[in-house]
Amino acid sequence: MPVFTITGDVDPFLHVSLAKGEKIYCESNAMVMMETNLELKGKMTGGIGAALMRTFANGESFFQQHIEAMRGDGDCLLSPTLPGAMRVLEVGAQQYMISDGAFVAATSGVELKVRTQSLGNALFAQSGGFFITETAGSGQLAVSGFGAMSILEVTPGKEVVIDNSHVVCWDNRLQYEISMTTGSSGGFLGNLINSQTSGEGMVLKFSGTGKILVCSRNRAAFLAWTQSKPA
């Protein structure tokens, strides 16, 4: 199976070693370097319907890059679009839900499926609207987050509330719901006003048992900050 390794401390690369005949797929424009034994192709993974669903669900490109060791063993370097940390996750016994823009690459045994969310989560989430991406199969998955990344452990009786824009991916065994504040009183309008005045926006409340990967930076807030600065 291809071997994923994170290399570098600041804005790291994903280093992938492939034996002859092995292949991976990654987000469009992720490839930085590859050895000549490898071959790069743009493909609609899973066909046109699946490609369209992933584009709506996770902000991915319609075509993904497929890299295969056609002529012998070879290595390649990949990088995400935004600066920040990466993590390699083992998929199989555990599957994950992936937020918008977090997918970097996966071995060929990992499948990215799209499933529908509840109406409440779809209206307020930043994770694909009515659709969200979930892994299936087995192999390695690389995800990225804007800024630094940390792992949070959720256990029964220890729910966590996370700003929606900082969630990278989470264990699909976890239960989650969208909330506008950490409070439970005040009604919909009161919670909405409190959410906006506190500057927190929407949050995700997780419960159950599993882990969540979070990143330190908020893409939307950073973009708004850069656009507010004079030229």
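Note that the structure is a prediction, hence the values are computed from the model and not measured. (Residues numbered from 1 in each chain as written. Predicted model: local features only at pLDDT ≥ 70, side-chain atom pairs only at ≥ 80, totals over all residues. Heavy atoms only, no water.)

Visitor: Could you clarify how one ought to interpret the pattern of salt bridges in this entry?
Guide: In a structure, side chains of opposite charge can pair up when their charged atoms sit close to one another. Throughout the structure, instances matching the rule amount to three salt bridges. Between Glu39 and Lys41 there is a salt bridge, with the nearest N and O atoms lying 3.4 Å from each other. Residue class for Glu39 comes out partly exposed when judged on its relative accessible area of 24%. In this structure Lys41 comes out as partly exposed when scored by relative accessible area, which is 42%. With its nearest N and O atoms 2.6 Å apart, the salt bridge here joins Arg173 to Asp171. A cluster of three or more residues bridged by salt bridges with shared partners is formed by Glu39, Lys41 and Arg71. (Salt bridge = Lys/Arg side-chain N within 4 Å of Asp/Glu carboxyl O. Buried < 20%, exposed > 50% of the residue type's maximum accessible area, 1.4 Å probe, protein only.)

Visitor: What exactly am I supposed to notice about a nonpolar patch on the surface here?
Guide: On the surface, Phe13, Val32 and Met33 cluster together into a nonpolar patch covering about 230 Å² of accessible area. Here Val32 lies in strand 4 (residues 31-34). (Patch = residues over 30% accessible without salt bridge, like charges linked within 9 Å, V, L, I, M, F, W, Y side chains within 5 Å. Areas by Shrake-Rupley, 256 points an atom, 1.4 Å probe, with all protein chains shown as cover. Helix = DSSP H or I, 4+ residues; strand = E, 2+ residues; numbered from the N terminus.)

Visitor: What is the right way to look at the sheet that holds strand 17 (residues 175-179) in this model?
Guide: Strands pair in a sheet through their backbones, by hydrogen bonds, and they do so in one of two ways: parallel or antiparallel. Ordered in space as 15-18-17, the three strands form an open sheet in which the pairing is antiparallel. The open sheet has two edge strands with one neighbour each: strand 15 (160-163) and strand 17. Pairwise comparison of adjacent strand axes, ignoring direction, gives a mean angle of 25° for this sheet. Sheet topology places strand 17 next to strand 18 (residues 203-207); five bridges connect them, and they run antiparallel. Residue pairing for strand 18: Ile178 is matched across the bridge by Leu204. (Pairing = 2+ DSSP bridges. Axes fitted to C-alpha atoms, helices over the stretch in contact; angles between N-to-C directions.)

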